[in-house]
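# Geometric and topological summary
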Amino acid sequence: MALKMADMKTEMHNDWCPGCGDFGILSSVQMALADMNLNREDSVIVSGIGCSAKLVHYTNVTGIHTLHGRPLPFATGVKLSNPHLNVVVVGGDGDGLGIGAGHFVNGGRRNVDMLYIVHDNGVYGLTKGQASPTLKLGEKTKSLIFPNITSSINPLILAMASGYTFVARGYAFNVSHLKKLIKMGIEHKGAAFIDVLQPCPTYNDINSKEWYNGEDRMEEGGGKAMPRVYSLESEGYDGRVNTEGGKDAETVMLDAIRRAVEWGDRIPIGVLYNNEEIPTYEERMLQRMPEYMELPPARQRISDSRKKPIADITPFMDELSV
Amino acid sequence: MALKMADMKTEMHNDWCPGCGDFGILSSVQMALADMNLNREDSVIVSGIGCSAKLVHYTNVTGIHTLHGRPLPFATGVKLSNPHLNVVVVGGDGDGLGIGAGHFVNGGRRNVDMLYIVHDNGVYGLTKGQASPTLKLGEKTKSLIFPNITSSINPLILAMASGYTFVARGYAFNVSHLKKLIKMGIEHKGAAFIDVLQPCPTYNDINSKEWYNGEDRMEEGGGKAMPRVYSLESEGYDGRVNTEGGKDAETVMLDAIRRAVEWGDRIPIGVLYNNEEIPTYEERMLQRMPEYMELPPARQRISDSRKKPIADITPFMDELSV
Amino acid sequence: MPGRDLHIGDIVIENRLQWCIGGAQGSGVDTSANIFSRACAEGGLWVVGKREYYSNIKGEHSYFVVRVDRNRVDALTEGFDVLATFDEETVARHFDEVRKDGGIIYDPSLASKKVADIPTLDKRIKDEFAERFRQSGTITIMTLLEDAKKRGVHLFPVPYSTLLSGVSAKTGEKRQSVLGRMVNVIAVSASFALMHYNLNELESSIDHVFGGRKKLSEPNKIAAEVTYEYMAGNFKDGLGYQLSRVATEGKRLLLNGNQAIALGKLAGGLRFQTYYPITPAADESTYLERYERFSVKDGDKKGSLMVVQTEDEISAITMAIGGALSGARSSTCTSGPGFSLMSEGIGWAGINEVPVVVTNYQRAGPSTGMPTRHEQGDLKFALYGGHGDFPKIVLASGDVEESFYDANLAFNYAERYQLPVIHIVDKAMANTTITLPYFDPDRMTIDRGLFLGDGTPFVLKEGEEYERFKFTESGISPRVPIGTPGGIFWNTGDEHTELGHITEDPVIRDRMMDKRMGKLDLALKEIPEDEQYHYFGAENPDLLVVSWGSTKGSILEAMARLNQHSGKIGFLQIRLIRPYPAQAVIRLVKSAHKFAVMEMNYVGQLADITAENTGLLADYRIVKFNGRPITVDEAYVSLKRIVEGKSEKRVVLTHGA
Amino acid sequence: MPGRDLHIGDIVIENRLQWCIGGAQGSGVDTSANIFSRACAEGGLWVVGKREYYSNIKGEHSYFVVRVDRNRVDALTEGFDVLATFDEETVARHFDEVRKDGGIIYDPSLASKKVADIPTLDKRIKDEFAERFRQSGTITIMTLLEDAKKRGVHLFPVPYSTLLSGVSAKTGEKRQSVLGRMVNVIAVSASFALMHYNLNELESSIDHVFGGRKKLSEPNKIAAEVTYEYMAGNFKDGLGYQLSRVATEGKRLLLNGNQAIALGKLAGGLRFQTYYPITPAADESTYLERYERFSVKDGDKKGSLMVVQTEDEISAITMAIGGALSGARSSTCTSGPGFSLMSEGIGWAGINEVPVVVTNYQRAGPSTGMPTRHEQGDLKFALYGGHGDFPKIVLASGDVEESFYDANLAFNYAERYQLPVIHIVDKAMANTTITLPYFDPDRMTIDRGLFLGDGTPFVLKEGEEYERFKFTESGISPRVPIGTPGGIFWNTGDEHTELGHITEDPVIRDRMMDKRMGKLDLALKEIPEDEQYHYFGAENPDLLVVSWGSTKGSILEAMARLNQHSGKIGFLQIRLIRPYPAQAVIRLVKSAHKFAVMEMNYVGQLADITAENTGLLADYRIVKFNGRPITVDEAYVSLKRIVEGKSEKRVVLTHGA
Ligand SMILES: Cc1ncc(C[n+]2csc(CCOP(=O)(O)OP(=O)(O)O)c2C)c(N)n1
Ligand SMILES: Cc1ncc(C[n+]2csc(CCOP(=O)(O)OP(=O)(O)O)c2C)c(N)n1
Ligand code: SF4
Ligand code: SF4
Ligand SMILES: [Mg+2]
Ligand SMILES: [Mg+2]
């Protein structure tokens, strides 16, 4: 039975602020999951803490709302113990790149087959608008007393430097585009990362929906707004690594970085980097444990009908015997 | 009175393994400090935990041997409270890029004026040789039971992605070169990072001194070993950003990344990226607090002779008065 | 418009009432409460107020309760005399709490709304209403109001839209978005009008709250006038509760706990503060940042303090320690989850004898818990957090005023005994708004202990090396800031020699442990008794109530009430919890007939700690853990039941919406 | 070559001795001890050994003490009968510990070395020697040896280089680097030769330790032969201590605590282990990784477990929780600093009722402390770590054998009560090598509680939603792994509804707190008494010793010694520390005349916890915190002094080098 988007909703009251970009991300996630028509039970969303992290409660698949900055390691445990699950991680930019930056970097190194979506709103929403790691140096959003004193991180470049094998950017209010990215990210074999530009109308009065849409930049002659956001695909950019085909990881990454640094007048969305040549953690593990996919940790029996252990430790004791 | 290297040594017994690359780094640090002839009291070395971190006890300036992964925030507190101190941070690759990766990334964003040296030996030395974040995927050093299952991080690229404004690589056994780098790093205005290739003869049997020296690669015809390590300077590489001069940060960074990914047969050392166009945290603070350098937190009096508070909170109370 | 029965009793209660306003988060409830409190305070009255809100930015229900009195008040009582509402949810959540003879202000156009349709109202509550009003057909707001009315509550329908039209007419303002914001002021004005309070005070409060931004204050003042007029016309008898200006002595503040502690730190010499945002601690840092530059007495230069927002709490504590090593009075502030992340750093400060202050604003745990709700659940963790044995001092303030002075004491202890100090406060204190006399910084003494960086000269004997951890009689070694000529030293988280170098020598180890842990005994000996604990009430009481932290106000008032009649009750407020003043507690407990420990957590953590330190098992444990503070009435009733011999050994208090 | 006086008494002590070998870290001390222990064990003897080492990779002093007996032994005594050395430092550090009539094996070529020149010897020790031997001129190794000799210790100079030349001649090996490594085997051989132990056992042990790598084992066996010959020729009377083969019953293991716990976890169903390297916990994970694939009884497929090295301990605990949510028995292991970083994660598991096991190998704290030394300093932290009130179980094993079975109990508790379990052990246990009977995994029962993922069907009634946190009578809600058809659920660190969605409703909050915390009462009721504590010794004792963890062996033996004579001593080993078996403790303490709590930390943490839970203040606290385990003799002496009425209230034990 095909899933509909309505199947992906829960009855939990959604308490995001009106106009919040999180709504767009939520819809995109729900549409992507519905589209992919996976069993709902086989998907799990793991989130950190922040406005964004509440997404799990609004989505009708298993939802693990964890600790601030920690969704990645939680999710990694879930996934590695049962690699058959479809694991999506969501969280804020503060969550993922501030307090969670250490996991972010090391998560890339593992290349576990899951998707990580960061709601990039430039602020710490739930704690009332402090600067997040993506807010630019010198900017002064509503809650700040002084202009931001810390430089921003570029999540895309950081993700590539960390080893994510799929790196993309979406825009919260381009739902159909974002939905596509999310599906690609889920289908990607390895650690996929999507940075989603997310207006926070309550605290980020700089990178607002209007700003992304370029409403301050009217076409000459009083025409339409000229959106800042453009899609990479529309310009023929292709971030796929194909070493045999002459596009090795380094080449693509350098191209991607050139795009990733664009900001201000032109802000690219789309897939910057997509490398399926690197084995996933699961594949690496499978090399060592041929039965891993069939009997991963979570699917093994551990006791017999008498509740006695079935792991046979005798050979190991024999090695220690005197 | 000019300082000699002997002045930089303590009587603490050095208990590194014979042949450890840490000795080279220690000498380089001590020589650099002696060369620069700063008052010993004005320098402080802050370290994490690991073999490398013991360096502070062997060096005769104030030494703060902190917690695993945390030298950067400790050092930041020291430096911001007293910006007149010359702060050098040292630690292992596990310390800085594993457990400390979150601080590493966010430390770059702050661009506090100090130098961070990572002893990059590919292993967790002090805990007996587990893989560190710089060990390559699939490599199997002595203590590993299975080949390394996690991809490595490139500290240089990560540092640039994180905002360090001086990014260099040294080699532990090229002491004169490393000494120069360290001096440059200390003199650099902003957050400087040096990744030091450090052989660990006890646990890393792959990236050994012999390997770096290319002793497995004899010149044809039975000549000398062909070292893997080469210096960027020797090839005329110049990592300085000079936007006016046409070399903006992006351009240099892309060049630098091309060098940073070299490994195996050619391993560059030297300064990859040097950008003094970004204001330091201290400078940003100074904008807000004109008296910051003169009276930083650590140098302010807080009470009068009667031990009474001297900060005048009356105006603030008046704002709250009813 | 539904009519109104005016059966107000003859007795008019003057200048003593409790008021509540509610509404969706982000709809201005806070501002209303602010205007209300300030208007009262400007009239010389004393207020104490508390904000309750969800961990949410916009849309969930929040409410503010303000108690007004002609005398100083420190705690809230149960129930309200006036409930001011402008949405359905506030009526639904609070109508039951309005006392007999009290009043509810509401928007009559919402009376027909169905309770079941309120999206943010918990299912549990809806289910309970369905059960309770199952006779009444569809449950609407009116169903609830009628129920209140039956209990003797007066209903005051205020037609917000009509009034807003009036405002619009007078101001020319047509934008619904702007007019909509004025419901707050209308609700406040309607309340004051019923209380026959002077419009001037209200207007001056509006001016102040809008910070002189005329564009905002003028229309709001007009809204106030329009409302006063309407109320005078329609409910001229008002309510049995009245407010009027009283004379005051001395200057007074209206502030909350975050501000008080920030000011206390500032006066107490804080110069380096680190933080990672977390509710309800962050406001302290934001406040400090705003006032980062300040005047200094007898100095021509400005003083300044640096506030650094870090990437996490591990960074916050370790960076603060770094600041302390450089010689600045340094601190950080946080709440449960962040405090959990600080365990390791605090331990490092312990072994390295670094004076650093952590202000822990407790909120309802465990884990993320209820981030905007109240609890005192971190006590044992504050005492025993961190692996291994190391000394730290835990100081608990009992109210906003104490917290100001304690902010300096925390630094004094930290520097005098060279160890981390946990200043433990809580969400209730942070978010309490209260009128208090001006603080007197001169009542603070700044004691930096054996610190040779603040004017005291640092001299080494010829040929001597500076030993940071020198064994001394007191266990305290002179400390210098990094950068002191001749004062090079080493720190390490490892066990160390007097020089600060790593050692594993068992003999030095034992001496270092004695040195460090001995400082706790020294502290207990030296710290004045009245910093350790406060004792209130009768000598040799029948019942001794032992407590800590923000329960103080409620207990004091409950005790006073009880002691007026039969009860002979004493109250021991423990302030210094580590080191624990065991001898004093034993003496006081033994002087009493029975003793009860009252606190805001599940297990009765102070009761446990008391047993641990004294062997005395509390006769009663009165606990509360639903996230809402203990009210005066709850304290009163539970103590009364003990006195009357009717109490269980463990009493769980459950008041609160 | 210095001569040797052979005045060995008539009595030969057979199969009971304590041996020590020392040398620089990385020089093979470990291997020697291994060969020694295994050779004894292969001869049917029982051994227990302990390794002491610095937090260093190469060069600092380490030593290994092995006790050998014809019966099972669990703890070490004070002093050695034979000290085998091949460097100066070992002599300098340990000569004093050799008992009268014991012997020291040393390299005569080092006898003239100056003690002052040993770089790694602590200044404190050098200073003490300078004072003690100030009459003796320059203090050399010989000065110390002579001093030992005066006390009745026999000296056995063994000319290592001469022997190595012999080996070189026989094997043709000329490389100094290879020959140098053989000093270890020479030292062991010399020891055995003096004990007249069969060379066969030694050779078979050498074979085993070198894992059949003939290139290594053959020359070493030749070294052994050469040494035996030399010793027979020069010291044919040997020593008053002799070893000989004895008969054994049943199969036996020689292993350490890390291995025992790893095996216990493996048998107990662990399938997902995470860790971040830390001493002394990491070896558990490395061992597990090595055996990640294993046979499964009545299954044709291999079983396997996954070990993940994480980026830090925050990741380790949260990843393990993730594994548990997927349905695998999951755990992590760590030590103090890492445990500190886990506080927040453990709290999350508490509020979300996730079964996860943390094995905490305590080491000497605080902070980095003495990473390779021993302490039981994390107890209170294990109990109260993490903000807010949440349930967790703390289980303390008393010895290596218990730790194997307890590894499964920890999982059982975790799954049955759906909460985090801290299995608290320590460095002494981790690094104890001991002979034990084969473990019997069939003595384990695997209890997964209300877990519907292991064969038990998951059925929902028509139209019913799965509620992960359903209120039930027992407080325990059926649990399903993520991915169960129909079993979608939510978790959150926030307070939550039965569905697992965020709530701040005070009523639900109270019920959820009761649900969670109530599980501790349930656990205390259901867990069998002998899993909660062990009682040994006399009924109604004069003195009850209460303790926990690895002090068990020493206390048992000391008690046995004391009870042989005058004493009437009982020993209560508390295993379940949270929930605390208060009633049983009260009963036992009250049955005794006095009670003493003995433990390895500064404050007496178990004593505190006992007071907290029972109100009973220990009459005596016997503590040790210098990083070295309590020996049998220390336990004996301190208890004897109590029995004799000569003890202080607080006794600090200080033995150890
Ligand atoms: C350890 C810890 N520290 C601090 C907090 C408080 N906190 C809650 S949400 C949040 C920041 C949220 O910002 P972000 O991750 O960007 O998410 P957003 O709300 O913007 O979606 C913080 C700091 C916490 N819950 N835990
Ligand atoms: C929180 C914490 N976890 C683990 C450890 C144990 N530990 C000590 S050193 C070390 C790793 C050292 O590796 P690295 O940082 O690369 O330094 P190296 O020894 O290689 O110089 C670890 C994991 C610790 N001290 N603290
Ligand atoms: S605060 Fe910002 S991010 Fe949070 S819900 Fe509101 S608009 Fe969205
Ligand atoms: S283990 Fe490696 S890094 Fe550590 S001291 Fe030895 S050689 Fe150096
Ligand atoms: Mg954000
Ligand atoms: Mg390393």
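Residues numbered from 1 in each chain as written. Chains lettered and ligands numbered in written order. Predicted model: local features only at pLDDT ≥ 70, side-chain atom pairs only at ≥ 80, totals over all residues. Heavy atoms only, no water.

Turning next to the overall build of chain C. The number of helices and strands found in chain C is 23 helices and 26 strands. For a compact globule of 657 residues, the expected C-alpha radius of gyration is about 26 Å, and chain C comes in at 27 Å, within 12% of that figure. With the C-alpha coordinates aligned to their principal axes, the bounding extent of chain C is approximately 90 × 60 × 45 Å. Taking the intrachain contacts of chain C between residues at least 6 apart in sequence as the baseline, contacts between residues at least 24 apart amount to 77%. (Helix = DSSP H or I, 4+ residues; strand = E, 2+ residues; numbered from the N terminus. Rg over C-alpha atoms; globule rule 2.2 N^0.38 Å. Contact = heavy atoms within 4.5 Å.)

With 70 residues of chain C at the contact, the number on the chain D side is 70 residues. Here chain C packs against chain D, burying approximately 5,800 Å² in sum over the two surfaces, 55% of which is carbon and sulfur. When the area that chain C buries against chain D is broken down by residue, the three leading residues are Pro 366, His 387 and Glu 504 of chain C, summing to 14%. Linking chain C with chain D are eight salt bridges. For Arg 509 of chain C, the salt bridge goes to Glu 375 of chain D, with nearest N and O atoms at 2.6 Å. Taken together, chain C and chain D are joined by 45 residue pairs in polar contact (both at pLDDT 80 or more). (Buried area = accessible area lost by both parts, 1.4 Å probe. Salt bridge = Lys/Arg side-chain N within 4 Å of Asp/Glu carboxyl O. Polar contact = N/O pair within 3.5 Å; in protein donor to acceptor, adjacent residues only side chain to side chain.)

With omega at -5°, the peptide bond leading from Arg 578 of chain C into Pro 579 of chain C counts as cis. Mapping Pro 579 of chain C onto the fold places it in the loop between strand E23 (576-578) and helix H21 (582-591). Residue Pro 280 of chain D follows Thr 279 of chain D across a cis peptide bond; omega there is -5°. Its location among the elements puts Pro 280 of chain D in the loop between strand E10 (270-275) and helix H11 (282-290). Of note in this structure, Asn 540 of chain C is not a glycine but carries a positive phi near 40°. Following the sequence through the fold, Asn 540 of chain C ends up in the loop between strand E20 (533-537) and strand E21 (543-547). Classification of Asn 540 of chain C by relative accessible area gives partly exposed; the value is 47%. (Buried < 20%, exposed > 50% of the residue type's maximum accessible area, 1.4 Å probe, protein only.)

Here the focus is the interface of chain A and chain D. Listed as interface residues are 63 residues of chain A and, on the opposing side, 80 residues of chain D. Of the roughly 6,300 Å² buried between chain A and chain D, counting both surfaces, carbon and sulfur atoms make up 61%. The largest contributions to the chain A side of the interface with chain D come from Ile 302, Leu 320 and Val 322 of chain A, which together make up 12% of the buried area. Taken together, chain A and chain D are joined by seven salt bridges. In this structure, the salt-bridge partner of Glu 291 of chain A is Arg 293 of chain D, at a minimum N-O distance of 2.8 Å. Summed over the shared surface of chain A and chain D, the number is 32 residue pairs in polar contact (both at pLDDT 80 or more). Elements with a minimum of two residues in the side of chain A that touches chain D: strand E2 (62-65), helix H2 (71-81), helix H4 (101-110), helix H9 (281-288) and helix H10 (314-320) of chain A. Ranked by the residues each element gives to the side of chain A that touches chain D, the list is headed by H2 of chain A, at seven residues. Taken together, the three bridges between E2 of chain A and strand E19 (residues 490-492) of chain D define a ladder with parallel strand orientation. (Pairing = 2+ DSSP bridges.)

Once that is clear, we can look at the coordination of the magnesium ion (ligand 5). Residues and elements named next belong to chain A. For the magnesium ion (ligand 5), the full set of protein donor atoms is Asp 93 (OD), Asn 121 (OD1) and Val 123 (O), at a range of 2.1 to 2.2 Å. Sequence spacing of the donor residues for the magnesium ion (ligand 5), all on one chain, is D-x27-N-x1-V. Here Asn 121 and Val 123 have matching classes, each one buried. (Donors = N, O, S within 2.8 Å, 3.2 Å for Na, K, Ca; no water.)

The next point concerns the site of ligand 4. As a structural note, the neighbourhood of ligand 4 is formed by Trp 16, Cys 17, Cys 20, Cys 51, Asn 121, Gln 198, Cys 200, Pro 201, Thr 202 and Tyr 203 of chain B together with Ile 57 of chain D. Each of chains B and D places residues near ligand 4. Across the shell around ligand 4, the residue classes tally to eight nonpolar, three polar and no charged. (Near = heavy atom within 4 Å. Nonpolar A, V, L, I, M, F, W, Y, C, P; charged D, E, K, R; others polar.)

As a further point, take the relation of the copies chain C and chain D. Overlaying chain C with chain D gives an RMSD of 0.0 Å, the required rotation being 180° about an axis along which the chain moves by 0.0 Å. Look at the turn and shift together and you get a two-fold axis relating the two. (Least-squares fit on C-alpha atoms with pLDDT ≥ 70 in both.)

Before going further, it helps to spend a moment on the confidence of the model for chain C. Residues and elements named next belong to chain C. Summarising the model, chain C shows a mean pLDDT of 95, and 98% of its residues fall at 70 or more. A low-confidence stretch, residues 1-9 stays under pLDDT 50, and its non-local contacts, those more than four residues away or across chains, total 19 contacts. Across the interface, the model reports ipTM at 0.98; the global pTM reads 0.98. (pLDDT = per-residue confidence, 0-100.)

Moving on: the coordination of the magnesium ion (ligand 6). Donor atoms from the polypeptide that coordinate the magnesium ion (ligand 6) comprise Asp 93 of chain B (OD), Asn 121 of chain B (OD1) and Val 123 of chain B (O), at 2.1 to 2.2 Å from the metal. Expressed as a motif, the donor residue spacing for the magnesium ion (ligand 6) is D-x27-N-x1-V.

Glancing now at the domain arrangement of chain C. All names here are of chain C. Split by domain assignment, chain C resolves into domain 1 (13-242), domain 2 (254-443) and domain 3 (535-653). One C-alpha centre belongs to domain 2, the other to domain 3; they are set 27 Å apart. Contact residues are listed per partner, giving 29 residues for domain 2 and 25 residues for domain 3. Between domain 2 and domain 3 the total buried area reaches about 2,300 Å² when both faces are included, carbon and sulfur atoms providing 51% of it. Connecting domain 2 to domain 3 are five salt bridges. A salt bridge links Glu 402 to Lys 552; its shortest N-O distance comes to 2.5 Å. Viewed at the interface, domain 3 and domain 2 are joined by 19 residue pairs in polar contact (both at pLDDT 80 or more). When contributions to the side of domain 2 that touches domain 3 are tallied by element, the ones reaching two or more residues are helix H15 (379-384), strand E16 (393-396), helix H16 (400-417), strand E17 (420-426) and helix H17 (427-430). For the side of domain 2 that touches domain 3, the class distribution of residues is 14 nonpolar, six polar and nine charged. (Domains from an automatic or database assignment.)

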